[in-house]
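Coordinates in review
Next come the chains, spelled out residue by residue.
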Amino acid sequence: KKLKEKISKDNPEEVACQLDGWSVNHHGHMGLMISYITPKWKRVMMNLACSKFDDRHTGENISLFIEEKLELWNVLEKCNTITSDSASNMNKMMEFLPDRMARIPCLNHVLNLVIKDEILEKPEIEKIVLFCRRIIGFGNSSNNFYEEMRVVANELDKNELVLKQDVATRWNSTNDMLERHVDCEEVVKKVLDEKGWAEIIAKKSNTDKKKIHEKDWKIMKNVTKTLSPFKSATEQLSSNAACISECIPVVSMLQKTLESCG
């Protein structure tokens, strides 16, 4: 009720819509936000829906969901842009919405796809990432492994750090995982190679890769260095104060940074 009263009082000339769909616990979900600027130039963002969406996530079904929710809040006629990821169903959804509406691809999603397709899915890097995941997966089920990590960290006078697990749908998390391995390089090397845990993990995981070689460590360092500007850009674009006008300078700076580092 308060949100409806605020929208009515602010009476914005135009609203922008942001949309995302996902699945968890065998249920589909859909979230819908709007943002607008008041006549007094105050920025407003509000969530209009975050609900189960067990219909098929087709473009037509999503468009019906959007129209229903925006109509409920009396802003359908004021909405001209929708920001969403670049999945095919989001492209298809625009065919069922009014012609005046334009879709804006989420730049963070685009950057995430670029990183996965052009860097993380290269065979050599993919093998390293997979082995790092197996180390963490094994460690999460073995108190003895992490006890060895703590003992070695103390022996080397290093901070006791826990390795980070990456999550497929969480941006930057694979970079964070590799960064943490690089931060713990001396400790991880000693635990895996000198203490024999690499062989144990390889047997448990049924993998051909038996250890992290010196070449692999060099690749990890290069990958994290390359991904660092992408991480900064993602964090900037994820801020509550982020604005679509940042897209062009962010992409331009990424291109310049990649040119300079080769």
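Look above for the structure.
Now for a look at the structure at hand. Note that the coordinates shown come from a computational prediction; the quantities given were computed from them, not determined experimentally.

1. Things to note about the pattern of salt bridges
Counted by the stated rule, this structure contains 13 salt bridges. The salt bridge partner of Lys231 is Glu179, with a shortest N-O separation of 3.4 Å. Of the two residues, Lys231 is situated in helix H10 (residues 214-237) and Glu179 in helix H7 (residues 173-183); the sequence distance between them amounts to 52 residues. For Glu199, the salt bridge goes to Lys203, with nearest N and O atoms at 3.6 Å. Linking Glu199 with Lys203, this pair stays in helix H9 (residues 197-205), spanning four residues, or about one helical turn. The same class applies to Glu199 as to Lys203, namely exposed. Through salt bridges with shared partners, a single ionic network connects Glu185, Lys189, Glu214 and Lys221.

2. Considering a negative patch on the surface
Together, Asp117, Glu118, Glu121 and Glu126 give the surface a local cluster of negative charge. Among the secondary structure elements, Asp117 is positioned in helix H4 (residues 107-120).

3. With respect to the layout of surface pockets
Where empty space is left can be seen by rolling a probe of water-molecule size over the atoms. Volume-wise, the largest pocket comes out at about 1600 Å³. Lining the largest pocket are 44 residues, with Gln18, Leu19, Thr83, Cys106 and Leu237 positioned closest to its centre. Listing elements by their share of the lining of the largest pocket, those giving two or more residues are strand S1 (15-24), strand S2 (27-37), strand S3 (43-52), strand S4 (79-84), strand S5 (102-105) and H4. Broken down by element, the residue count for the lining of the largest pocket peaks at seven residues, all from S1. Taken as a whole, the second largest pocket holds about 320 Å³ of empty space.

4. With respect to unusual backbone geometry
With phi around 50°, Asn25 is a residue other than glycine that occupies positive phi space. Relative to the helices and strands, Asn25 is located in the loop between S1 and S2. Even without glycine at this site, His26 takes up a positive phi of about 65°. Relative to the elements of secondary structure, His26 occurs in the loop between S1 and S2.

5. A closer look at the pairing of S4
Strand direction decides the pairing type here: S1 and S4, joined by four bridges, are parallel. Following the sheet pairing, Ala16 is matched in S4 by Thr81. Where S4 lies against S5, four bridges are found, and the strand directions are parallel. By the bridge assignment, Thr83 is partnered in S5 with Ile104. Read as a crossover between parallel neighbours, the route from S4 over helix H3 (residues 88-93) to S5 is right-handed.

6. A word on the sheet that holds S1
Spatial strand order, S3-S2-S1-S4-S5: five strands in an open sheet with mixed pairing. Each end of this open sheet is capped by a strand with a single partner; those strands are S3 and S5. Geometrically, the sheet is characterised by an average inter-axis angle of 25° between neighbouring strands, direction not taken into account. Packed onto the sheet, helix H1 (residues 2-10) meets S2 and S3 and runs at close to 140° relative to S3. Helix H2 (residues 59-72) contacts S1, S2, S3 and S4 of the sheet and is inclined by roughly 50° relative to S2.

7. With respect to helix H6 (residues 143-155)
Taking 1.5 Å per residue as the helical rise, H6 with its 13 residues ought to reach 18 Å, and the 18 Å between its terminal C-alpha atoms agrees with that figure. On its buried face, H6 is in contact with helix H5 (123-140), helix H8 (185-194) and H9. Note on H6: the residue one or two positions beyond its end, Asp157, has a positive phi of about 60°.

8. Looking at the nonpolar core
In terms of nonpolar packing, the biggest core is built from 40 residues, with Ile135, Phe145, Met149, Leu163, Leu192 and Val223 touching the most fellow members. Listing elements by their share of this core, those giving two or more residues are H4, H5, H6, H7, H8, H9, H10 and helix H11 (247-261). Not counting chain neighbours up to four residues away, the residues in contact with Val223 comprise Ile119, Leu120, Ile125 and Leu178. Listed in part, the 27 residues of the second largest apolar core include Cys17, Ile34, Leu48 and Ala49.

Thresholds, definitions, all that
Residues numbered from 1 in each chain as written. Predicted model: local features only at pLDDT ≥ 70, side-chain atom pairs only at ≥ 80, totals over all residues. Heavy atoms only, no water. Salt bridge = Lys/Arg side-chain N within 4 Å of Asp/Glu carboxyl O. Helix = DSSP H or I, 4+ residues; strand = E, 2+ residues; numbered from the N terminus. Buried < 20%, exposed > 50% of the residue type's maximum accessible area, 1.4 Å probe, protein only. Patch = residues over 30% accessible without salt bridge, like charges linked within 9 Å, V, L, I, M, F, W, Y side chains within 5 Å. Areas by Shrake-Rupley, 256 points an atom, 1.4 Å probe, with all protein chains shown as cover. Lys, Arg positive; Asp, Glu negative; His and termini not counted. Charge placed at Lys NZ, Arg CZ, Asp CG, Glu CD. 1 Å grid on protein atoms, 1.4 Å probe; cavity = no way out; pocket = protein on both sides within 12 Å on 5 of 7 lines; lining within 4 Å. Points joined across faces, edges and corners; volume = space filled by probe spheres on them. Pairing = 2+ DSSP bridges. Right-handed = clockwise from strand over helix to strand, strands pointing away. Axes fitted to C-alpha atoms, helices over the stretch in contact; angles between N-to-C directions. Contact = heavy atoms within 4.5 Å. Expected span 1.5 Å × (residues − 1). Core = buried A, V, L, I, M, F, W, Y, C linked by side-chain atoms within 4.5 Å.

Geometric values such as these leave the question of function open.
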